[in-house]
Structures are given as C-alpha cells and as structure tokens.
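An overview of the molecular structure
Now for the letters of each chain:
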Amino acid sequence: MARQHGAWAFVHLGADFASRAPEGSPIRAGLGDPSVTPTGYDGQFAYYMAVAPLDAGCCMDSAAYRYARVGFPVLAGITGLGQPALVPYTMLLVNLVALGLTVMILAGWLRRHEVSGWWALVYGFYPGLFQAVQTDTNEVLAYALVAAAVYLLEFGGRARVLWAGLLFGAAGLTRETTLLFPAIYSVSLVARGPGRARISGLGLAALAAVPFVAYKLFLAATFGSFGLGFSSGGAEVATVPLGGLLSFWPFEARQWVQLLGEVLPATLVAGLAVYRLVRGAPRWELLAYLANYVVLVLLLQRSSYFSFFDSGRIQAGVVLAAVMALPVLLGIAGRVPGAAGLAPGQADGAGRRPGLLVMVAACLLWLAVVPAGLVAPHSFHVFKL
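From a predicted model like this one, the values you see are computed outputs, not experimental measurements. (Residues numbered from 1 in each chain as written. Predicted model: local features only at pLDDT ≥ 70, side-chain atom pairs only at ≥ 80, totals over all residues. Heavy atoms only, no water.)

This next bit is on a nonpolar patch on the surface. Taken together, the side chains of Trp249, Trp256, Leu260, Leu264 and Leu268 define a hydrophobic patch exposed on the protein surface, amounting to about 580 Å² of accessible area. Turning to its location among the elements, Leu264 is positioned in helix 14 (residues 253-278). (Patch = residues over 30% accessible without salt bridge, like charges linked within 9 Å, V, L, I, M, F, W, Y side chains within 5 Å. Areas by Shrake-Rupley, 256 points an atom, 1.4 Å probe, with all protein chains shown as cover. Salt bridge = Lys/Arg side-chain N within 4 Å of Asp/Glu carboxyl O. Helix = DSSP H or I, 4+ residues; strand = E, 2+ residues; numbered from the N terminus.)

In this fold, Thr174 is placed in the loop between helix 10 (160-172) and helix 11 (180-190). Non-local contacts of Thr174, meaning those with residues more than four positions away in its chain, are made with Arg69, Gly71, Phe72, Asn138, Leu141, Ala142 and Leu145. (Contact = heavy atoms within 4.5 Å.)

Note that an α-helix has 3.6 residues per turn; residues three or four places apart therefore point the same way. Here helix 15 (residues 285-298) is 14 residues long and its end C-alpha atoms lie 19 Å apart, about the 20 Å a rise of 1.5 Å per residue gives. Within the sequence span of helix 15, burial applies to Glu285, Leu286, Ala288, Tyr289, Leu290, Ala291, Asn292, Tyr293, Leu296, Val297 and Leu298. (Expected span 1.5 Å × (residues − 1). Buried < 20%, exposed > 50% of the residue type's maximum accessible area, 1.4 Å probe, protein only.)

A few words now on the packing of aromatic side chains. Tallying each qualifying case throughout the model produces 14 aromatic pairs. Centroid distance Tyr143 to Phe181: 6.4 Å. Interplanar angle 70°. Geometry classified as edge-to-face. Separated by 38 residues along the polypeptide, Tyr143 in helix 9 (residues 139-155) and Phe181 in helix 11 bring together distant segments of the chain. Relative to Tyr293, the ring of Tyr289 has its centre 6.3 Å away and its plane inclined at 15°; by these criteria the two rings are stacked. Highlighted residues: Tyr289 and Tyr293, both in helix 15, separated by four residues, approximately one helical turn. (Phe/Tyr/Trp six-rings, centres within 6.5 Å; stacked < 30°, edge-to-face > 60°.)

Next up on the list: the state of the cysteines. According to the stated counting rule, one finds zero disulfides in the structure shown. Counting only cysteine sulfurs, Cys59 is the nearest neighbor of Cys58, a cysteine outside any disulfide, at a range of 3.3 Å. (Disulfide = S-S within 2.5 Å.)

Now for the packing of helix 11 against helix 12 (residues 196-223). Between helix 11 and helix 12, the least distance of the axes is 7 Å, while the angle of their chain directions is 165°. Taken together, the axes of helix 11 and helix 12 are roughly antiparallel relative to one another. When the axes of helix 11 and helix 12 are compared, the crossing they make is left-handed. Touching Pro182, Tyr185, Ser186, Leu189 and Val190 of helix 11 are Ala197, Arg198, Ser200, Gly201, Leu202, Leu204, Ala205 and Ala208, all from helix 12. (Axes fitted to C-alpha atoms, helices over the stretch in contact; angles between N-to-C directions. Parallel < 35°, antiparallel > 145°, perpendicular 65-115°, else oblique. Left-handed = near helix turned anticlockwise from the far one by under 90°.)

Its place among the elements puts Ser200 in helix 12. For Ser200, the residues in contact, after removing those within four places along its chain, are Val161 and Leu189.

Moving on, we come to the pattern of salt bridges. Scanning the model with the defined rule gives ten salt bridges in all. The closest approach of N and O atoms between Arg175 and Glu139, which form a salt bridge, is 3.2 Å. Note that Arg175 is positioned in the loop between helix 10 and helix 11 and Glu139 in helix 9, a separation of 36 residues in sequence. Comparing Arg175 with Glu139, the two get one shared label, buried.

In the structure shown here, the tally under the stated rule is two cavities of 30 Å³ or more. Of the volumes computed, that of the largest cavity is approximately 140 Å³. Together, 15 residues line the largest cavity, and Asp42, Ala46, Arg66, Arg69 and Asn138 are the ones closest to its centre. The set of elements that each furnish at least two residues to the lining of the largest cavity consists of helix 3 (43-51) and helix 5 (71-79). (1 Å grid on protein atoms, 1.4 Å probe; cavity = no way out; pocket = protein on both sides within 12 Å on 5 of 7 lines; lining within 4 Å. Points joined across faces, edges and corners; volume = space filled by probe spheres on them.)

This next bit is on unusual backbone geometry. A cis amide bond, omega 0°, links Trp249 with the succeeding residue Pro250. Locating Pro250 in the fold gives a position in the loop between helix 13 (243-246) and helix 14. Not every positive phi belongs to a glycine, and Asp136 is a case in point at roughly 55°. Positionally, Asp136 belongs in the loop between helix 8 (127-134) and helix 9. The backbone of Leu242 sits at a positive phi, close to 60°, despite the residue not being glycine.

What follows deals with the nonpolar core. Ranked by internal contacts, the top residues of the largest apolar core, which has 102 residues, are Tyr48 and Tyr289. If we skip the residues at most four places from it in the chain, Tyr289 touches Ala266, Val269, Ala270, Ala273, Val318, Ala321 and Ala322. (Core = buried A, V, L, I, M, F, W, Y, C linked by side-chain atoms within 4.5 Å.)

Here the focus is the layout of surface pockets. Volume-wise, the second largest pocket comes out at about 720 Å³. Lining the second largest pocket are 27 residues, and of these Val122, Pro265, Val269, Ala322 and Leu365 sit closest to its centre. Looking at the lining of the second largest pocket, the elements that each hand over two or more residues are helix 14, helix 15, helix 17 (316-324), helix 18 (326-329) and helix 19 (355-364). Grouping the constituent residues of the lining of the second largest pocket by class yields 24 nonpolar, two polar and one charged. (Nonpolar A, V, L, I, M, F, W, Y, C, P; charged D, E, K, R; others polar.)

A few words now on helix 14. Helix length check: helix 14, at 26 residues, gives a terminal C-alpha distance of 36 Å against a target of 38 Å (1.5 Å per residue), a fit within 8%. Burial in helix 14 covers these residues: Arg254, Gln255, Val257, Gln258, Glu262, Val263, Ala266, Ala270 and Ala273.

All right, on to the confidence of the model for the protein chain then. A residue-level look at the protein chain finds 86% of positions with pLDDT of 70 or above and a mean pLDDT of 86. Within the model, pLDDT remains below 50 along residues 335-351, and this stretch shows 25 contacts once partners closer than five positions in the same chain are excluded. (pLDDT = per-residue confidence, 0-100.)

Direction vectors running N to C along helix 9 and helix 11 enclose 15°, while the axes themselves pass 11 Å from each other. Taken together, helix 9 and helix 11 sit at an angle that is classed as roughly parallel. Seen from above, helix 9 lies across helix 11 with left-handed handedness. On helix 11, the residues touching Tyr143, Val146, Val150 and Leu153 of helix 9 are Phe181, Tyr185 and Leu189. A class-by-class count of the residues in the contact of helix 9 with helix 11 yields seven nonpolar, no polar and no charged.

So, in structure tokens, the structure goes:
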C-alpha cells in the first residue's frame, strides 16, 4: 500500500493472457494497473474464471488444467457479486478468512486431543501460505476445507461422514492434491471391518471423489484434454525421490532454501511418523502425513521446485497434515479426557501452554525465506512488490 499497490497486485495479471480476451470482456479490466507484467502468475487464472466463468478458456495456458481448480474462483466471484472491480478484493478476503478459520479449526482439533491450541500457529505462520495469499492462489481455501472435513469426520456427530465427504469433495474441486486426505481416511474407515464402518468409508470416498472425477470428464469432453499439466506435454512427474529438486544440481540459493527449509524438516517429521507407526501408534493421521510427504515433497515435479515461491505453497498440505498429526507425533494421542488428572481440553507434558515456544518456532520458519531473499531478491516474489 505504501508503494501505491492495490488489490490488483495480488492478482498478478499477465498482459500476454488477459489481452487475448475480446474487447469489453471483464477479463481485461485490470490491464491498466501498474502491477501488470507480461506473463503474470497463477492467481490471474482464478480471476478470469471468477469474472467470466464461461469465457476464460481463451486466456489460459491450459484451460482443462486451470478449470479443474474452480472452487476458489467460484467463491470469489459469488462474494464479489460478479463485479470485476470487486473480485480482486474478495479473492484476498476469501484467502485471509480461510486462513484464520483454518487456524481456529486446528486449535480446536489440538485441544480436543490434549495438545495446546497454540501449535496451530505453526500452520498460520507457514511462509508458503503467505505466498498463496500474496498471489491469490487456491491452496489456502482448499486446505481450509480439508481441515474442516477432518475435524467434522471425528467430531461431527451422526452426520459426520456426510458433511466431511461434502467438504472433501469441495476441496478436491479447489485443488486436486487435497484428495490425498479423504483417500487415507476412507481406507481407515473401511479397514475397521465389515458393516457400518465399511459403508461409511465407501460413502466418504464417493462423496470426495465422484464430483472431481465427473467434473474432469466434463472438462475432457469440453476441451479435449484431461488437463494433467499446464503445458502441452502434461505434468512433469519425478520418477525418483526428490528427482524434481535434484534436477537443478548444482544448486542456486533458492534450491538450498528448499532443501533446508522444506525437504529437511519434512523428512525429519516423516522419520518420526514412521517411528510412531513402528511403535504401534494406531492413528491414521500419520499415514495422511506420509502420503502428503511422498507426493508433495519426494515426488514433486521439477517445475514446482523452481523456487520456494512455487513449492512452498504447494506443500501447504504437508504442513497441515503435520499439525493435525501432532498429538500422535508427540505420543500423547488417544488419552481419555479426565484421565491421569487431566481435565478435558487440558494438555500435559510437551503440550502444556507453549505459547512463546510456538511463536518462536513458527517465526523460525521464515528463516528459510528471509535471509536468502535479502541476498537474492529475484528468487523470492515476497520481495518483488
């Protein structure tokens, strides 16, 4: 704001794409803003869908790929009443509200599992989410829906499977990688044995996956492509663990930041998760974390490891899964409230009111970004505005 930037700066409009729209299209509304660059960034495609949901395909690098993530632009368009001038503000508002609600949900989740709610700030202060907010991308809303779904699946009462499944389905239409969560939790219900649990697991899987599959088939019929990637060649998939990151060897500063600030801590948590599983921890939160770790860290494609600007926001699911698995990782999950002198919602040991500790730990996450960003600002979009 001090540099005369407004809400359009968060959209990151690309003139090369927006100018493809016909004259008079709301897609062209922000072309006169000083923040416009030649190519822009991913948030511009969400804006196009929000203001021209039926006509945005002409202004995309891969319409089938971009249209698959329709949840965020639909919500931003509805809250912006379809007004192009309002949508940049509602995109920012939706992400900020979603981030705040996610922290609240995580705090409630942790307290119900006898861990201090302060640990939710580890997710709230995660730098990758700052990147998502600053670029109007869909990760913040997508994983807010996941957090709400997981919470309701455990504490949602008799209709918990229905509400959780609907939220998982909405998350899948916002970002497809969120479907890792319902996949694990559906299996967990089915694995509990025949009868009602198995039916619940199958129902959860159907509610989460059917909307996404049906919509992808519709996009394939419309655009002649399943939209597996944003380039004509489809998505790049790492064929060996960390192949996407290691393909940049010898590393520049930005790759070292990703190795030390993303891969290393995620791998340490994965090691602890495996240790807890070997010790017999009967909780599916660990498997949800490991699934996200494998897909979003070990097998993340080369194009997403170009810089923290990309990989940081994509790996928000890893951080969310880690926070939700924290009770099991700390070895205090499964305790009955009121046992061992604990009142419901009260934490002991490692979970006792670590407010200052968590604030320090959460802010330390920024050490992966800020020092390197000051040295090489061209590598980190957070410094470009």
